[in-house]
Structures are given as structure tokens and as C-alpha cells.
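Summary of the model geometry
Chain residues, written in single-letter form:
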Amino acid sequence: ISLFFFFLYATLALTVGKPMTKPLSSIRQKSRSLRRMLRRQVASRRLVVELQVLHEVGRAINQALQLDEVLHTIHVQTGRLMDTRHFYIALYDDQQHMIEFSLAVEAGEIVAWTPRPWNDGITEWVITNNRPLRINYSHDPTLTTPIVIGITPRSILAVPISIGDNVFGMMSVQ
């Protein structure tokens with residue numbers, strides 16, 4: 001963005017008090033070129049942060065001996081990419097047919113959600129289908145009726161947690 005202001009300042013400094021010598025189309029073309037360059041720079045920075053997050057999560061998984069440490073790291077690192085004030089990680093116990101909420105965060109505070117039996121909720125859909133799910137209730141609140149524990153969300157982003165084809169949980173940001 002500072003490059004944009006430098007370009008704007010330089011353009012103004014060179015043109016104040018002088019007649020316009022460059023056609024307007026040339027200025028528009030340079031402006032479009034500058035916007036493309038800025039978008040690429042922003043995208044590159046975002047990619048660097050995403051790679052750093054993946055690195056930190058991978059490092060935590062390899063170094064931590066406790067599941068709580070790994071889950072905490074996943075929450076913190078995901079928070080570098082998006083708002084995680086409403087967040088949970090659910091693990092599926094296929095022996096007991098139960099969903100265990102290993103980490104739940106409401107309004108930025110860690111809370112305890114009791115395990116519940118396997119049902120027809122969003123958590124189960126993501127685990128069963130091994131696919132991410134994004135729902136925006138502000139557009140169509142009748143899309144699905146979630147099993148709500150805690151605060152009713154305005155939107156949900158959920159992704160499966162798996163090793164190969166074996167899905168054993170999911171992570172959700174609301």
C-alpha cells in the first residue's frame with residue numbers, strides 16, 4: 001500500500017502546475033497495473049502466513065505429547081488466519097458412537113461441551129462426507145437445522161480432520 005501512496009505522490013508532484021502530457025488511458029493502464037501488483041503482493045503475504053500456520057501446526061503435532069497442546073496450537077494458529085472466537089474441534093469415537101468436543105471456544109473463552117451421541121448434525125455431515133462445509137445463515141436460515149450447543153451462529157465453516165481416508169473429527173469456526 002505504501003507503494004501506491006508513493007506512486008500517487010510522485011504523479012501529483014510531477015503534474016501539479018503542468019499541462020497534462022500523458023493521455024488519460026495511459027494513466028488508467030498504469031493504475032490497473034499497480035492494482036494488479038498490489039493484489040499479488042497481498043496474496044503472496046497471505047500465502048506466507050498460511051504456510052507459517054501449517055508449519056507451526058505440523059511442528060506442534062510432531063513435538064507435543066499431549067492432545068490438549070496440539071489442539072491449543074491449532075486454535076492459536078487458525079486464529080492467525082481468521083476470527084476464532086467461536087471455534088470447536090470435535091472427535092468421533094466410533095466404538096461408542098459419540099462426538100467428543102475436545103476443544104470448544106465461545107466468545108474467546110474456552111468452554112466445556114459434554115460429549116453427545118452421534119446424530120444428524122453438521123459435525124456428523126462433515127465427518128461422514130469427508131468434505132468441508134460452509135453455511136451462511138444470513139442468506140438463507142432454512143438451509144439446515146444445526147444441533148446448536150452454545151451461541152447460535154450466523155455462519156459456519158467446518159472442515160474434516162482425517163488421516164488418508166479415515167476421518168476421525170472436524171474443526172469448525174463460526
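In this report, we go over the structure that sits alongside the text. Here the residue numbering is sequential within each chain, running from 1 through the sequence in written order. Thresholds applied to this predicted model are a pLDDT of at least 70 for local features of residues and 80 or more for the giving and counting of side-chain atom pairs; totals over whole chains, interfaces and linings are not thresholded and use all residues. Side-chain descriptors were evaluated using all non-hydrogen atoms of the structure, hydrogens and water having been removed beforehand.

Quick word on the overall build of the chain
A count of helical and extended segments in the chain gives four helices and seven strands. Each helix is a run of H or I in the DSSP string that is no shorter than four residues. Each strand is a run of E no shorter than two, and both are numbered from the N terminus. Reading the helices (α) and strands (β) of the chain from amino to carboxyl end gives α-α-α-β-β-β-β-α-β-β-β. Here the chain, with 174 residues, has 27% of them falling under the buried criterion. Remark: exposure states derive from per-residue accessible area (1.4 Å probe, protein chains only) relative to the maximum for the residue type, with buried under 20%, exposed over 50%, and partly exposed in between.

As for the pairing of strand β2 (residues 98-106)
Most of β2 is tucked away, with seven of its nine residues classed as buried. Between strand β1 (residues 87-93) and β2, which pair antiparallel and follow one another directly, the connecting turn spans four residues, one of which, H97, has a positive phi of 55 degrees. At least two DSSP bridges between two strands are required for those strands to pair. Where β2 meets strand β3 (residues 109-111), three bridges bridge the pair, whose relative direction is antiparallel. Across the sheet, E106 pairs through a bridge with E109, a residue of β3.

Section: the packing of aromatic side chains
When the centres of two rings from Phe, Tyr and Trp lie within 6.5 Å, Trp using its six-membered ring, the rings pair. Their planes under 30 degrees apart give stacked, over 60 give edge-to-face, and anything left gives tilted. Scanning all chains against the criterion turns up four aromatic pairs. Seen in terms of ring centroids, Y92 and W118 are 4.4 Å apart; in terms of plane orientation they differ by 50 degrees. Their pairing is tilted. Taken together, the residues Y92 in strand β1 and W118 in the loop between β4 (116-117) and α4 (122-129) connect sequence positions 26 residues apart. Of the residues examined, W118 reaches a relative accessible area of 31% and is grouped as partly exposed. For the ring pair F101 and W113, a centre distance of 5.2 Å and an interplane angle of 80 degrees mean the geometry is edge-to-face. Residue F101 is found in strand β2, and its partner W113 is found in the loop between β3 and β4; the two are separated by 12 residues along the sequence. W113 carries the same exposure label as F101, and that label is buried. Each member of the aromatic cluster is reached from another via a ring pair, and the members are Y88, F101 and W113.

Notes on the pattern of salt bridges
Definition used for salt bridges: Asp or Glu carboxyl oxygen within 4 Å of a side-chain nitrogen of Lys or Arg. Applying the stated criterion across every chain, the model contains two salt bridges. As a salt-bridge pair, D83 and R85 come within 2.5 Å of each other at their nearest N and O atoms. Exposure remark for D83: the relative accessible area of 40% places this residue in the partly exposed category. By relative accessible area, which is 49% here, R85 ends up partly exposed. As a salt-bridge pair, R116 and E124 come within 2.4 Å of each other at their nearest N and O atoms. For the pair R116 and E124, one class covers both residues: buried.

A few points about a positive patch on the surface
Put simply, a patch holds well-exposed residues, over 30% relative accessible area, that have no salt bridge, with like charges counted together within 9 Å and Val, Leu, Ile, Met, Phe, Trp or Tyr side chains within 5 Å. Only the protein chains shown count as covering a residue, and every accessible area follows the Shrake-Rupley method with a 1.4 Å probe. Neither His nor the chain ends is counted toward charge; the positive residues are Lys and Arg and the negative residues Asp and Glu. For this purpose, a charge sits on NZ of Lys, CZ of Arg, CG of Asp or CD of Glu. On the surface, a cluster of positive charge is contributed by R28, R32, R35, R36, R39 and R40. Mapping R32 onto the fold places it in helix α2 (residues 24-63).

Remarks on the pairing of strand β5 (residues 133-136)
Across the two faces of β5 the burial differs, with L133 and I135 buried and R134 and N136 not buried at all. Of the pairings in the sheet, the one linking β5 to strand β6 (residues 155-163) comprises four bridges and is antiparallel in character. Of the residues in β6, the one forming a bridge with I135 is I156.

Some details on the nonpolar core
If you look at the biggest cluster of nonpolar residues, it comprises 16 residues, and the most contacted ones within it are Y88 and M170. Secondary-structure elements contributing two or more residues to this core are β1, β2, α4, β5, β6 and β7 (166-173). Whether two residues touch is decided by their heavy atoms; if any such pair falls within 4.5 Å, the residues are in contact. If sequence neighbours within four positions are ignored, Y88 has contacts with F101, L103, A104, W113, T123, M170, M171, S172 and Q174. As used here, the term nonpolar core means buried Ala, Val, Leu, Ile, Met, Phe, Trp, Tyr and Cys residues forming a set that is joined through side-chain atoms within 4.5 Å. V70, I74, F87 and V173 belong to the second-largest nonpolar core, a separate cluster that totals 10 residues.

Comments concerning helix α3 (residues 67-79)
Helix span, expected: 1.5 Å multiplied by one less than the number of residues in the helix. Here α3 contains 13 residues, and its C-alpha end-to-end distance of 18 Å stays within 8% of the 18 Å for a straight helix at 1.5 Å per residue. Every buried residue of α3 is accounted for by V70, L71, T73, I74, H75, Q77 and T78.

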